[in-house]
Amino acid sequence: QVQLVESGGGLVQPGGSLRLSCAAFGLPSTFRMYRMSWYRQAPGKERGLVAGISTDGGSTNYAESVKGRFTISRDNAKKTVYLQMNSLKPEDTAVYYCNARHVVTGWSPQDWGQGTQVTVSS
């Protein structure tokens, strides 16, 4: 069974930091064949892309709103992708999800994981 399990969220004050993790289980084919991404969804808003990382970690991309504050990374041996979030702002409050996409077939899991809640508030 394919599972993407997000963790590491919590309540943090503005200006604080959090590190999110997403562990992949049961992906067809090896983890290093998947481009990994982080998305977030705030209440009343659509889910949007936060950051993406290539299969070997050599290429990353970010939403303009998080550039310079967030860093995506991956450990292929651990089948895990991370999102280091610094200088957090209240507008970063959302449920954060990860996603996997096979770079050859384009396959992605049908269902999203449970996500991890990030709340930035004083």
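Coordinates for the structure precede this section.
Residues numbered from 1 in each chain as written. Predicted model: local features only at pLDDT ≥ 70, side-chain atom pairs only at ≥ 80, totals over all residues. Heavy atoms only, no water.

Visitor: What is the right way to look at the overall build of the protein chain in this model?
Guide: Each helix and strand in the protein chain was counted, giving zero helices and ten strands. Reading the protein chain from its N terminus to its C terminus gives the helix and strand order β-β-β-β-β-β-β-β-β-β. Computed over C-alpha atoms, the radius of gyration of the protein chain comes to 14 Å, within 12% of the 14 Å expected from 2.2 N^0.38 for 122 residues, which places it in the range of a compact globule. With respect to the principal axes defined by its C-alpha atoms, the protein chain has extents near 45 × 25 × 25 Å. Counting all 122 residues of the protein chain, 39% fall into the buried class. Taking the contacts inside the protein chain whose residues are at least 6 apart along the sequence as the reference set, 55% of them involve residues at least 24 apart. Carbon and sulfur atoms make up 46% of the accessible area of the protein chain, which amounts to about 6,500 Å² in all. For the protein chain, the centre of its 13 positive side-chain charges and the centre of its 8 negative side-chain charges are spaced 4 Å apart. (Helix = DSSP H or I, 4+ residues; strand = E, 2+ residues; numbered from the N terminus. Rg over C-alpha atoms; globule rule 2.2 N^0.38 Å. Buried < 20%, exposed > 50% of the residue type's maximum accessible area, 1.4 Å probe, protein only. Contact = heavy atoms within 4.5 Å. Areas by Shrake-Rupley, 256 points an atom, 1.4 Å probe, with all protein chains shown as cover. Lys, Arg positive; Asp, Glu negative; His and termini not counted. Charge placed at Lys NZ, Arg CZ, Asp CG, Glu CD.)

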